[in-house]
Amino acid sequence: MLVGSAEQIADDLELWFRAGAADGFTVMPADTSVDLENFARLVVPLLKQRSLLHTEYPGLALCENLGLAGPSATPDRHEQKRIGAVA
């Protein structure tokens with residue numbers, strides 16, 4: 001659990017990441033009505049400034065950004081069903 005200023009939390013997350021102790025984090029705020037907003041507003045910009053969070057993604061689909069094969073060029077099942085039902 002991390003407690004502190006936005007700078008202190010960003011420092012700890014960066015330290016763990018750069019040391020290889022973590023490759024990602026799950027954020028679980030204590031008070032969801034305030035803490036999640038504060039994390040997004042105060043900590044996320046610091047992590048972006050330190051190049052620890054992406055600011056842009058090269059692909060349009062999640063699979064592209066994860067380095068996975070994209071969807072096939074064949075129509076999806078729903079499209080095939082609609083075509084089959086009309087014929």
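Here's what I pulled together on the structure shown here. Keep in mind that this is a model prediction, so the values were computed, not measured. (Residues numbered from 1 in each chain as written. Predicted model: local features only at pLDDT ≥ 70, side-chain atom pairs only at ≥ 80, totals over all residues. Heavy atoms only, no water.)

In this section: the nonpolar core. Counting residues in each nonpolar core, the largest one holds 10 residues, listed as Ala6, Ile9, Ala10, Leu13, Phe39, Val43, Val44, Leu46, Leu47 and Leu52. Of all the secondary-structure elements, those providing two or more residues to this core are α1 (6-18) and α2 (35-49). Ranked by the residues each element gives to this core, the list is headed by α2, at five residues. Residues within four places of Ala6 in sequence aside, it is in contact with Leu42, Val43 and Leu46. (Core = buried A, V, L, I, M, F, W, Y, C linked by side-chain atoms within 4.5 Å. Buried < 20%, exposed > 50% of the residue type's maximum accessible area, 1.4 Å probe, protein only. Helix = DSSP H or I, 4+ residues; strand = E, 2+ residues; numbered from the N terminus. Contact = heavy atoms within 4.5 Å.)

As for its position among the elements, Met1 is in the segment before α1. Judged by its relative accessible area of 94%, Met1 is exposed. Measuring from C-alpha to C-alpha, the distance between Met1 and Val27 comes to 9.7 Å, with 26 residues separating the pair along the chain.

Treat this as a map of the structure, not an account of what it does.
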